Amino acid sequence: MKGSITKAAVLGSGVMGSGIAAHLANVGIPVLLLDVVPKDLTEQEKAQGLTLENREVRNRLSSSALKKLVKQKPAPLTVKDNLALIEAGNMEDDMPRLAEVDWIIEVVVENLQVKQQVFTKVEENWKPGTIVSSNTSGISINEMVEGRSSEFQSHFLGTHFFNPPRYLKLLEIIPNKNTDNRVLAFMKAFAEDVLGKGVVEAKDTPNFIGNRIGTYGLLVTAEEMQKGGWSVGEIDSVTGPAIGRPKSATFRTLDVVGLDTFLHVARNVHDQVAGAEKKIFDPPHFMKSMAEKGWIGSKAGQGFYKKEKSGEILELNPETFEYIPRKKLKTASTEQAKLAKSLPDKIKALVYAEDQEGELVWNILKPVLLYSAEKSSEIANNIAAVDEAIKWGFGWELGPFETWDAIGVQKSVDRMEAEGDTVPSWVKQMLADGYTSFYQSSAEYYHEGTYTSKDVNKKEIHLQTRKEQDNVIMKNGGASLIDIGDNVAALEFHSPNNSIGLDVMQMINKSIDEVEKNYKGLVIGNQGKNFCVGANLMMILMEAQDDNFIEIDMVIRQFQGAMARIRYANRPVVTAPHAMTLGGGAEICLPSSSIQAASETYMGLVEAGVGLIPGGGGNKELYMRHIENLSEDGSADLLPIANKVFEKIATAQVSTSADEARKNGFLSVRDSVIFNGDHVIYKAKQRAIHLYEEGYQAPQRRKIPVVGETGYAAMKLGAKTMQFGGMASDHDVKIAEKLAFVLSGGRVPKRTFVDEQYLLDLEREAFLSLVGEPKSQQRMQHMLTKGKPLRN
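Presented here is a report on the structure given in the accompanying data block.

Parameters at a glance
Residues numbered from 1 in each chain as written. Predicted model: local features only at pLDDT ≥ 70, side-chain atom pairs only at ≥ 80, totals over all residues. Heavy atoms only, no water. Helix = DSSP H or I, 4+ residues; strand = E, 2+ residues; numbered from the N terminus. Rg over C-alpha atoms; globule rule 2.2 N^0.38 Å. Buried < 20%, exposed > 50% of the residue type's maximum accessible area, 1.4 Å probe, protein only. Contact = heavy atoms within 4.5 Å. Areas by Shrake-Rupley, 256 points an atom, 1.4 Å probe, with all protein chains shown as cover. Lys, Arg positive; Asp, Glu negative; His and termini not counted. Charge placed at Lys NZ, Arg CZ, Asp CG, Glu CD. Salt bridge = Lys/Arg side-chain N within 4 Å of Asp/Glu carboxyl O. Pairing = 2+ DSSP bridges. Axes fitted to C-alpha atoms, helices over the stretch in contact; angles between N-to-C directions. Core = buried A, V, L, I, M, F, W, Y, C linked by side-chain atoms within 4.5 Å. Patch = residues over 30% accessible without salt bridge, like charges linked within 9 Å, V, L, I, M, F, W, Y side chains within 5 Å. Polar contact = N/O pair within 3.5 Å; in protein donor to acceptor, adjacent residues only side chain to side chain.

**Digging into the overall build of the protein chain**
Secondary structure assignment for the protein chain yields 34 helices and 25 strands. For the protein chain, the C-alpha radius of gyration of 28 Å lies close to 28 Å, the compact-globule estimate for 792 residues. The C-alpha extent of the protein chain, read off along each of the three principal axes, is 80 × 70 × 60 Å. For the protein chain, buried positions account for 56% of its 792 residues. Considering only contacts in the protein chain between residues 6 or more positions apart, those separated by 24 or more positions represent 69%. Only carbon and sulfur atoms are counted for the fraction: they give 50% of the accessible area of the protein chain, which is about 33400 Å². Side chains of the protein chain carry 92 positive and 102 negative charges; the gap between the two charge centres is 4 Å.

**Quick word on the pattern of salt bridges**
Evaluation of the coordinates by the stated rule reveals 51 salt bridges. Measuring nitrogen to oxygen at the nearest pair gives 2.5 Å for the salt bridge that ties lysine 115 to glutamate 106. Taken individually, lysine 115 and glutamate 106 each receive the classification buried, so the pair is uniform in this respect. The partner of aspartate 761 in a salt bridge is arginine 764, with the nearest N and O atoms 2.9 Å apart. Of this pair, aspartate 761 and arginine 764 both sit in helix H33 (residues 756-771), 3 residues apart, which is roughly one turn of the helix.

**Observations regarding the sheet that holds strand E17 (residues 488-493)**
As summarised here, the arrangement of the 7 strands in space is E15-E16-E17-E18-E19-E21-E23, forming an open sheet in which the pairing is mixed. Where the open sheet ends on each side, the last strands, each with one partner, are strand E15 (472-475) and strand E23 (672-674). Across the sheet, the axes of successive neighbouring strands diverge by a mean angle of 20°, strand direction being ignored. Taken together, the 4 bridges between strand E18 (residues 521-525) and strand E19 (residues 573-576) define a ladder with parallel strand orientation. Counted as the bridge partner of valine 523 is valine 574 from E19.

**Focus: the nonpolar core**
Core analysis: the largest hydrophobic core is formed by 106 residues, its most contacted members being Val122, Ile209, Phe251, Met287, Phe304, Trp404 and Phe438. Counting residues per element, this core draws most heavily on helix H17 (residues 356-379), which supplies 11 residues. Those residues in contact with phenylalanine 304, other than ones at most four positions away along the chain, are Val232, Phe251, Leu254, Asp255, Leu259, Phe286, Met287, Met290, Leu314, Glu315, Leu316 and Tyr323. If you look at the next biggest cluster of nonpolar residues, it comprises 77 residues, including Leu541, Ile613, Ala658 and Val742.

**With respect to unusual backbone geometry**
In terms of backbone geometry, most residues other than glycine have negative phi values and most peptide bonds are trans. Cis peptide bonds are those with omega within 30 degrees of zero, and the linkage from lysine 73 to proline 74 qualifies with -5°. Relative to the assigned elements, proline 74 resides in the loop between helix H4 (60-69) and strand E3 (86-90). Cis geometry marks the peptide bond from asparagine 163 to proline 164; its omega dihedral reads 0°. One non-glycine residue, phenylalanine 208, adopts positive backbone phi at about 60°.

**Let's talk about a nonpolar patch on the surface**
A surface patch of nonpolar side chains, about 270 Å² in accessible area, is lined by Met538, Met542 and Leu784. Structurally, the position occupied by methionine 538 is in helix H24 (residues 537-545).

**Notes on the side chain of serine 593**
Structurally, serine 593 is set in the loop between helix H26 (584-589) and strand E21 (594-598). In this structure the side chain of serine 593 is engaged in a polar contact, spanning 3.0 Å, whose partner is the side chain of tyrosine 696. Each residue touching serine 593, except ones within four places of it in the same chain, is listed here: Pro572, Val573, Arg670, Leu691 and Tyr696.

**Here we look at the sheet that holds strand E11 (residues 322-325)**
The sheet built from 3 strands is open, its strands ordered E9-E10-E11 with antiparallel pairing. A strand with exactly one partner marks an edge of an open sheet, and here the two such strands are strand E9 (305-307) and E11. Going across the sheet, the axis of each strand differs from the next one's by a mean of 40°, ignoring polarity. Strand direction decides the pairing type here: strand E10 (residues 313-317) and E11, joined by 4 bridges, are antiparallel. Each bridged residue has a counterpart across the sheet, and for leucine 314 the counterpart in E11 is proline 325.

**As for the pairing of E17**
With 6 of 6 residues buried, E17 is to be regarded as a mostly interior element. Of the two faces of E17, both are covered, the one formed by Val488, Ala490 and Glu492 as well as the one formed by Ala489, Leu491 and Phe493. Judged from the 5 bridges that link them, strand E16 (residues 479-483) and E17 form a sheet pairing that is antiparallel. Each bridged residue has a counterpart across the sheet, and for aspartate 483 the counterpart in E17 is alanine 489. Between E16 and E17, which pair antiparallel one after the other, the connecting turn spans 4 residues, and glycine 485 there sits at a positive phi close to 90°. Here E17 pairs with E18 via 4 bridges, running parallel. From the neighbouring strand, valine 488 faces E18, where its bridge partner is glycine 521.

If you want it as structure tokens, here you go:
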């Protein structure tokens, strides 16, 4: 077995194969992408005089897949430059090159015989010690390698990525009966540490864990819809965020996945099970009819939903096959559930509501809970694996057993039995033995008669667990300072949407005071949905509408002061952003000693979208990051740099990945990108310790060279040019001119050196001017009520 994976080969260049290749390239691994040789020439190839022997023709499928990668949405590549790491080839000429790689991943058609043929060819070119895996979504791993050598089998396993591979966290790893335990352990660690995946070990059963439980859940939901006479839209309105599932809920999810794919996955289980289970995995007739009509979802332009040219979204009536206006359930119980503070309370309120909607949710959830309990030991090593597979593969906030805990195990079991359902004996035994929940804490689950600790990667620091262990140093309504071990503290935001208000600013100052006295460093990070979506916009708008500009001025001064504390703290302050890191969220990161960003970090200074400019020093900080490696004599041409920063802020550019944030100048050489979002706090902690042990010194305040009046004029001209081209409104130009004045340093000569406070004062004045503008207030109001920017 190899000690590391430095190069890989992917066999099959379809959507999944090319997506896996892209993800490997994202983490820096060169990939050989192979597919079958075409049997016929295209008309274009004929016109070019090519033959079936031309390499260009023989590599057509994989070469075409590479071209599609740069156009796909969502983007499989974190930056387009990563495409250079993928080499196109074919499965005839290039099979001997499998000897060059450390990992071979098969991603061909879901057909056992085809896969067996492929592995026969692979072994003919296989170098002993090379790991080989299949990305099958449910075909038997053991049957695939029947007839292969024992050494080949010992290096073979299933590695089931979920689509799209870059974005979905789950990777199911399925050993065969002869897989070497060292290979299994290596692949688990590699997948977590390098690929950034959440790894679940599954048993070799039909559809493994995620698709077995997830598909069952979708099918019982469709069955309940038909039984109760509910509509597609009504079902989706109660099977999404209301019960901790994605906004796409049930039928929109099927449209995204593709009904053809779903039916194939369901058929795979149907053909291998018996009795009542076989009946459930036989999809309803209307789904089969939809597939026959080609109404398979988003890729076909219609499925359970269809978007009209007017923009209206219609839903399918599965009985008449007509598209009708979308319906939503809005009743007393659904509204009551929205008022609940936590997700468990929301689910409980819906499940036990004494009306039709409560009955509907109960009838959808109950069979999934029972099926998960019935199948857990057959398909997985423990219940935590089942929960993690569903959360990471299907986007549920709570897995089946966590959901069961949320509604009360004893109470729900009593109801199930009263309704004539059979509850698996191990669940009843658990209750009889005095264990009232499947989880004792977020880190301990019920297993074989007692609570067992989760096997957690040492690079995972769970802030919730640290808090449960009494490691909170101080807190207020907006944030908590937590001891995360090794003399490092973490500041966790927990305000609504992790937005920045006075309480968060206060905690930044208090935390730095505490860390400078008693700790090696401070990590600013959290494990919420987003790192931080910016300042508390509602507070700013309300003060502006009351003409309370003195209060706003005070808030901005405090915000700028807190950001200065981050920059000039005597201990390293390391930020750990993930997901949305917008406006004030980016402003917190920019002055930090180091940014340790999750790969899926979407960073940008977006204040222009709400009629403002950054007010927490973000303009200055982004500009300083762009010039920090220039000579200090002021001889460099600053205008192109200032223009670049101006464009990014004025157009509210947001990176689509941390790699792109680096290209945009938000990350520098002192910053790192981490592919496993669960490891970000750990990596930030290690970075803080390293900086401290290297003898960390706070940066010295220095004067900043600016482009002055000539640069201001150039940036204003750029804004006017956009307006003449129809790309900017009058108010956009007004915002841009204020921004240009700040970035240029105002009315000073070119290459004047100014101090930071001077630029902060310009920024604050511009912010206060814009916040009083009616059109800016309209933009803020629109963002708060509609969740999207207004162009006025």
